[in-house]
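Coordinates in review
Here is what each chain is made of, one letter per residue.
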Amino acid sequence: MRRSDVARLRLWPGLSASAANVITMSRYRLLPTPDQEVGLLEHARHARYMWNLAVEQHAHWQPGRTSAPGYTEQSRQLTEARAAFAWLRAGSQTVQQQALRDFAQAMRNYIAGSHRRPNWRKAGVHEGFRQVAVRAEHVQRLNRHHGQVWVPKVGWVRFRWTRRIPDGVKSYRVTRDRAGRWHIAFAAIPTPIPAPGTGAVVGVDRGVAVSATLSTGERLHVPVLAGAEQRRLVRLRRRLARCRRGSNRRTKIKAMIAHLAARAKDRRKDWVEKVSTDLARRFDVIRVEHLRVKDMTRSARGTVAEPGRRVRQKAGLNRAILAHAWGLLVSRLEHKAAGRVERVVAAYTSQTCSACGHVARESRESQASFRCVACGFGCNADVNAARNIAAGRAVTARGALQPPGGAVNREPQLDTSLIW
Ligand SMILES: [Zn+2]
């Protein structure tokens, strides 16, 4: 994800930068006609008006006081405002309503301490609105490079089809940046999958190499760039470094790199979808290592950025990809198997015998094999670790992962308990 995308995400109430992994966010360049642009700006103006109205109402609210006016109260006010102002009434009610919902969520985030206080939105700076209850037929592909999206009161607006649209799009946000460019970001949360009800528990160990291992003994291989593709990528990057800034050649090479990266990314996303669905279907409880994936990715990225050493560059690249895929897998699992995923303290999982519980560093014979020095139990080292994870305790740090049996909000961004 590019820095600009992250910055944009922060503008989404209730959606922190780290949530970018949880909810599929795909951003595309929107290509409205001049007429449509007028309509889009109207939506943005209405959304901003409602938002600022809510900011005003909450201006005197301080943490610790009793509840601020909630969404229900504001919804009543929206009805009144629409009755009073013809220009507001002429706009889309769902857009205006959503602005209030977004604000209510931003306020909850502020109260919970995870976000800053929602503030005034300014014309020309915060031009955007959100549309919810988006159905599959609202997004269509026109040809290889273009698609169209249905915007209420505006009609079909074309956008550049630069990558796959995520499955299960529930909402989108339309924004205009200060340069006057329009973008659309689709947000999707996968549908939850019912537990099999067999009581089956699985542990997933993040492998050292390019795989994850299940306590059942199965090995999962994250698709990384194939050898030839990887060599090509490295070659292109080197050529890019030699190009003059602003040259046509540079633009062309950049496009080739982006294309290659997008293809690999699609492949990984497909993999994550398949694996998470499969695990959610087969097991009641899925236990994973408690890892700080964000940090791992970041350090690996630093390695990629280091120029000159090709081998390290490639290794770092795949490590970053792997870490990212892992994070994505866990996020997806948490949505598809909501309330059934547990994070387990990963310490000593590789040194503990999954048969007798004896902890000894010597039991780890090598990278690949485990043989308990106490009971003699022998097993693949990763499978042994996965079994320990399957039997492990859940981490409750950073708040409960999911309230047991709690309601799961299906609308993206509205349930921060899913996001941390
Ligand atoms: Zn043992």
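As for the environment of serine 276
Relative to the elements of secondary structure, serine 276 occurs in helix 7 (residues 248-282). Considering only alpha carbons, one finds serine 276 and leucine 329, 53 residues apart in sequence, at a separation of 6.3 Å. The contact partners of serine 276, leaving out residues within four places of it in the chain, are Leu329, Arg332, Leu333 and Lys336.

Concerning the confidence of the model for the chain
When pLDDT is averaged across the chain, the result is 76; 75% of the residues are at 70 or more. Here helix 1 (residues 3-10) stands out as the least confident element of the chain, with mean pLDDT 35; strand 5 (residues 155-160) is the most confident, with 96. Here residues 1-22 scores under 50 on pLDDT; set against residues more than four positions off or in separate chains, the count is 40 contacts. Counting contacts from residues 293-313, a segment whose pLDDT is below 50, to residues more than four positions away or on other chains yields 23 contacts.

Some remarks on the packing of helix 6 (residues 227-242) against helix 7
As a packed pair, helix 6 and helix 7 sit with axes 10 Å apart at the nearest point and diverge in direction by 155°. Taken together, helix 6 and helix 7 sit at an angle that is classed as roughly antiparallel. For the crossing formed where helix 6 meets helix 7, the hand is left-handed. Only Arg250, Ile253, Lys254, Met256, Ile257, Leu260 and Ala264 of helix 7 make contact with helix 6, whose side of the interface consists of Glu229, Arg232, Leu233, Leu236, Arg237, Arg239 and Leu240. When its residues are assigned to classes, the contact of helix 6 with helix 7 shows 8 nonpolar, no polar and 6 charged.

Here we look at the nonpolar core
Grouped together as the largest cluster of nonpolar side chains are 32 residues, with contacts concentrated most on Val204, Ile286, Leu329 and Leu333. Breaking this core down by element, the ones donating at least two residues are strand 8 (201-206), strand 9 (211-214), helix 7, strand 11 (285-289), helix 9 (310-336), strand 12 (341-344) and helix 10 (381-390). It is helix 9 that contributes the most residues to this core, 8 residues altogether. With residues up to four places along the chain from it excluded, the contact list for valine 204 reads Ala212, Leu214, Ile286, Val288, Ala386 and Ile389. Ala104, Val134, Val154 and Phe159 belong to the second-largest nonpolar core, a separate cluster that totals 31 residues.

Here is what the cut-offs are and how they apply
- Residues numbered from 1 in each chain as written.
- Predicted model: local features only at pLDDT ≥ 70, side-chain atom pairs only at ≥ 80, totals over all residues.
- Helix = DSSP H or I, 4+ residues; strand = E, 2+ residues; numbered from the N terminus.
- Contact = placed C-beta atoms within 7 Å.
- pLDDT = per-residue confidence, 0-100.
- Axes fitted to C-alpha atoms, helices over the stretch in contact; angles between N-to-C directions.
- Parallel < 35°, antiparallel > 145°, perpendicular 65-115°, else oblique.
- Left-handed = near helix turned anticlockwise from the far one by under 90°.
- Nonpolar A, V, L, I, M, F, W, Y, C, P; charged D, E, K, R; others polar.
- Core = buried A, V, L, I, M, F, W, Y, C linked by C-beta atoms within 7 Å.
- Buried ≥ 20, exposed ≤ 12 C-beta atoms within 10 Å, placed from the backbone.

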